[in-house]
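Reading the structure
Here is how the chains run, residue by residue.
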Amino acid sequence: HPGLSTYVIRWLFPISKSGQGLQERIEEIRAEVSEAISQGARIIILSDRDGDAENAPIPSLLLTSAVHHHLIREKTRTKVGLVVESGEVREVHHVEILVGFGAAAVNPYLAMETAEDLVRQGVITDITPEKAVRNLIKSLGKGVLKVMSKMGVSTIASYTGAQIFEAIGLSKEVVDEYFVGLTSRLGGVGIEILASETIKRHHIAYPPGGEIPGS
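In short, a report on the structure. Quick caveat: nothing in here was measured; it's all calculated off a predicted structure.

Let us look at the environment of proline 57. If you trace the backbone, proline 57 turns up in strand S4 (residues 55–57). With 35 residues separating them along the chain, proline 57 and leucine 22 place their C-alpha atoms 9.5 Å apart.

In structure tokens, the structure reads:
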């Protein structure tokens, strides 16, 4: 499609640098997005694929909102659409908050692959893998529409980037930097704890030293 050139950004950060590495990588991604836009990109795909033992995915909502607000400050937000490709997304709430913080489309690739695998293993019967994926996509879409209707929002365009949420457990510093304008009445964790929790989950998939927990 002429005029709809895409640019893919891998949102991984080095776990060896913890919170500092997370912050630095977000800044690098912001600069990379701005450069891509200046080179004519009109669809930015934020992807957490290709992680490894040394590099973990940045929390999808944190990065999406960080990029969204960066582009607002740069006055280039309306030039691009943000597509989020994340293995984290597995339920309606995950889709709705990503859209609410700026995503124009969401690709829950791991959830779709899981649905296919459940059919192939026989856990889900009387259905094809392709139909299972279509059902998943339909249910996520219907769920988002139901949430929107309860909020009185009539179109997805009105919901995208609207931030009709309130944070619980995020520090003022994190909100002011990455979730501008979001209400967080109680305060809470900073970027270091967000990074450490992400790394803790990452170590389950990639155990330090290669050992298997419980073996």
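Here the narrative resumes, following the displayed structure.
Mapped onto the elements of the fold, lysine 131 is located in helix H5 (residues 129–151). Given a relative accessible area of 36%, lysine 131 falls into the partly exposed group. Along the sequence, lysine 131 and glutamate 116 sit 15 residues apart, while their C-alpha atoms lie 8.8 Å from each other.

Now for helix H1 (residues 18–38). An α-helix turns once per 3.6 residues; consequently, residues spaced three or four apart project the same way. Taking 1.5 Å of rise per residue, the 21 residues of H1 would be expected to cover 30 Å, and the 31 Å separating its terminal C-alpha atoms lies within 8% of that figure. Among all positions of H1, only Gly19, Gly21, Leu22, Arg25, Ile26, Ile29, Arg30, Val33, Ala36 and Ile37 are buried. Residues of H1 that are buried make contact with strand S1 (6–10), strand S2 (12–14), strand S3 (43–47), helix H2 (60–74), helix H7 (172–178) and helix H8 (191–205). Just past H1, the residue glycine 40 takes up positive phi, approximately 105°.

Before going further, it helps to examine the packing of H1 against H2. In a pair of packed helices, the angle between the axes and the distance between the axes together describe the arrangement. Contact pair H1 / H2: the axes reach a minimum separation of 10 Å and the direction vectors enclose 50°. Comparing the axis directions of H1 and H2 gives the class oblique. In this structure, H1 crosses over H2, and the sense of that crossing is right-handed. On H2, the residues that touch Leu22, Ile26, Ile29, Arg30, Val33, Ser34 and Ile37 of H1 are Leu62, Leu63, Ala66, Val67, His70, Leu71, Arg73 and Glu74. Class assignment of the residues belonging to the contact of H1 with H2 gives a composition of ten nonpolar, two polar and three charged.

One pass over the full model with this rule turns up eight salt bridges. The partner of glutamate 24 in a salt bridge is lysine 17, and the shortest N-O contact between them spans 2.6 Å. Arginine 30 is the partner of glutamate 27 in a salt bridge, and the nearest nitrogen-oxygen pair spans 2.6 Å. Placement of the pair is glutamate 27 and arginine 30 together in helix H1, with a separation of three residues, close to one helical turn. Owing to a relative accessible area of 40%, glutamate 27 belongs among the partly exposed residues under this scheme. When salt bridges with common partners are traced through the structure, they connect Glu27, Arg30 and Glu177 into a single cluster.

Procedures and definitions
Residues numbered from 1 in each chain as written. Predicted model: local features only at pLDDT ≥ 70, side-chain atom pairs only at ≥ 80, totals over all residues. Heavy atoms only, no water. Helix = DSSP H or I, 4+ residues; strand = E, 2+ residues; numbered from the N terminus. Buried < 20%, exposed > 50% of the residue type's maximum accessible area, 1.4 Å probe, protein only. Expected span 1.5 Å × (residues − 1). Contact = heavy atoms within 4.5 Å. Axes fitted to C-alpha atoms, helices over the stretch in contact; angles between N-to-C directions. Parallel < 35°, antiparallel > 145°, perpendicular 65-115°, else oblique. Left-handed = near helix turned anticlockwise from the far one by under 90°. Nonpolar A, V, L, I, M, F, W, Y, C, P; charged D, E, K, R; others polar. Salt bridge = Lys/Arg side-chain N within 4 Å of Asp/Glu carboxyl O.

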